[in-house]
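# Coordinates in review
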Amino acid sequence: MNINNNDTAVVVIDPQNDVLSETGVSWDLVGASVKDNKTVENIERIFKAAKQNEFEVFVSPHYYYPTDYTWKFAGTVEQMMLKSREFDRKGALNLDSFLGSGADWLDRYKPFIEDGLTIVVSPHKVYGPQSNDLVLQLRKRHLSKVILLGMLANICVEAHLRDLIEQGFEVLVVKDATAAPQHPELGDGYKAALINFGYIANAVLSTDEVVKAMK
């Protein structure tokens, strides 16, 4: 897979406090994996490399609004997220209490995301980009390749990977710029994700390899 800034985008999934900060509601489940992979640091390295080498950067965030809590059914992890009020916001047009909340970006990422150039697409509501405008925004810029990273590896990242592949994009997953839950009953989500990344993605590389390729 040839990485270049003419047709390759960087897509970061859920770079938000609830899954990457020690104060986040999901830290007990994902913290060990985040630390093992140095996920927070590696996401920042990809942001820096993208900006330095003029790659277009997209963020696909996860938000839940008050109206989402009236859903009639939800899958296992959806139920966990809704119960813990992960990525909770006061409303689609309401930023009350947003700054510093679990739905907000990590502070260290804000210079990259809020530089006026990064494209923050509409939120995905379950796991994949089918419910947001990521694919539209990529196609409108003639971008056909994606460097994919963020949270959570076996859920939102894998869901984005699968849909982007189905939509005809080439996708490279940055394997240590992501992490996943380690659940006592459901198992190690990161190991599951790595296996599926290998089967599905066009390439699976480390942050070191991707940063070098972006230069």
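Residues numbered from 1 in each chain as written. Predicted model: local features only at pLDDT ≥ 70, side-chain atom pairs only at ≥ 80, totals over all residues. Heavy atoms only, no water.

As annotated in an unreviewed UniProt entry, the chain is Cysteine hydrolase from Nostoc flagelliforme FACHB-838.

Here we take up the nonpolar core. Most often, soluble globular proteins have nonpolar side chains that are buried together. In this structure, Val10 and Leu138 are the most contacted members of the largest nonpolar core, which totals 68 residues. With residues up to four places along the chain from it excluded, the contact list for leucine 138 reads Ala9, Val11, Phe58, Leu143, Val146, Leu164 and Phe169. (Core = buried A, V, L, I, M, F, W, Y, C linked by side-chain atoms within 4.5 Å. Buried < 20%, exposed > 50% of the residue type's maximum accessible area, 1.4 Å probe, protein only. Contact = heavy atoms within 4.5 Å.)

Looking now at the environment of histidine 183. Turning to its location among the elements, histidine 183 is positioned in strand E6 (residues 182-183). With a relative accessible area of 22%, histidine 183 lands in the partly exposed category. Separated by 182 residues in the primary sequence, histidine 183 and methionine 1 place their C-alpha atoms 34 Å from one another. Not counting residues up to four positions away in its chain, the partners in contact with histidine 183 are Leu29 and Met80. (Helix = DSSP H or I, 4+ residues; strand = E, 2+ residues; numbered from the N terminus.)

Turning next to the sheet that holds strand E8 (residues 203-205). The strand order across the open sheet built from 6 strands is E3-E2-E1-E4-E5-E8, with neighbouring strands paired in parallel fashion. Every other strand in the sheet has two partners, leaving strand E3 (119-120) and E8 as the edge strands with one partner each. With respect to the sheet, helix H7 (residues 153-166) is in contact with strand E1 (8-13), strand E2 (56-60), strand E4 (145-151) and strand E5 (170-179), its orientation differing from that of E4 by roughly 165°. Contacts from helix H8 (residues 189-200) reach E5 and E8 within the one sheet, and its direction differs from that of E5 by about 160°. (Pairing = 2+ DSSP bridges. Axes fitted to C-alpha atoms, helices over the stretch in contact; angles between N-to-C directions.)

Before going further, it helps to spend a moment on the layout of surface pockets. To find leftover empty space, a probe the size of one water molecule is rolled over the atoms. Its volume calculated, the largest pocket comes out at about 400 Å³. The wall of the largest pocket is formed by 20 residues, among which Val77, Met80, Ile155, Pro181 and Leu186 lie closest to the centre. Put simply, the parts of the chain that give the lining of the largest pocket at least two residues each are helix H2 (27-37), helix H4 (76-84), H7, strand E7 (187-188) and H8. Broken down by element, the residue count for the lining of the largest pocket peaks at 4 residues, all from H4. Classifying every residue of the lining of the largest pocket gives 12 nonpolar, 6 polar and 2 charged. (1 Å grid on protein atoms, 1.4 Å probe; cavity = no way out; pocket = protein on both sides within 12 Å on 5 of 7 lines; lining within 4 Å. Points joined across faces, edges and corners; volume = space filled by probe spheres on them. Nonpolar A, V, L, I, M, F, W, Y, C, P; charged D, E, K, R; others polar.)

Within the secondary structure, valine 25 sits in the loop between helix H1 (17-20) and H2. Ignoring anything within four residues of it in the chain, the contact list for valine 25 reads Asp18, Ser84 and Glu86.

Glancing now at the environment of glycine 102. Relative to the elements of secondary structure, glycine 102 occurs in the loop between H4 and helix H5 (110-113). Distance in space between the C-alpha atoms of glycine 102 and arginine 85 is 8.9 Å, their sequence separation being 17 residues. With sequence-adjacent residues up to four places away left out, glycine 102 is seen in contact with Gln16, Asn17, Asp18 and Phe87.

Axis separation between H7 and H8 bottoms out at 9 Å; the angle between their running directions is 15°. As far as their axial angle goes, H8 and H7 are roughly parallel. Viewed along their axes, H7 and H8 form a crossing whose handedness is left-handed. Contacts between H7 and H8 involve Ala153, Asn154, Val157, Glu158, Leu161, Arg162 and Ile165 on the former and, on the latter, Gly189, Tyr190, Ala193, Asn196, Phe197 and Ile200. (Parallel < 35°, antiparallel > 145°, perpendicular 65-115°, else oblique. Left-handed = near helix turned anticlockwise from the far one by under 90°.)

We now examine H8. In this model, H8 (12 residues) spans 16 Å end to end at C-alpha, consistent with the 16 Å of a helix rising 1.5 Å per residue. Listed as buried for H8 are Gly189, Tyr190, Ala193 and Phe197. Buried residues along H8 cover an arc of 90° about the axis, so they all sit on one side. Exposed and oriented more than 90 degrees from the buried face of H8 are Lys191, Ile195, Gly198 and Tyr199. Its buried side turned inward, H8 meets H2, H7, E5, E7 and E8. Two or three places before tyrosine 190, at the opening of H8, aspartate 188 has a side-chain oxygen 3.0 Å from that residue's backbone nitrogen. (Expected span 1.5 Å × (residues − 1). Arc of directions from axis to C-beta. Polar contact = N/O pair within 3.5 Å; in protein donor to acceptor, adjacent residues only side chain to side chain.)

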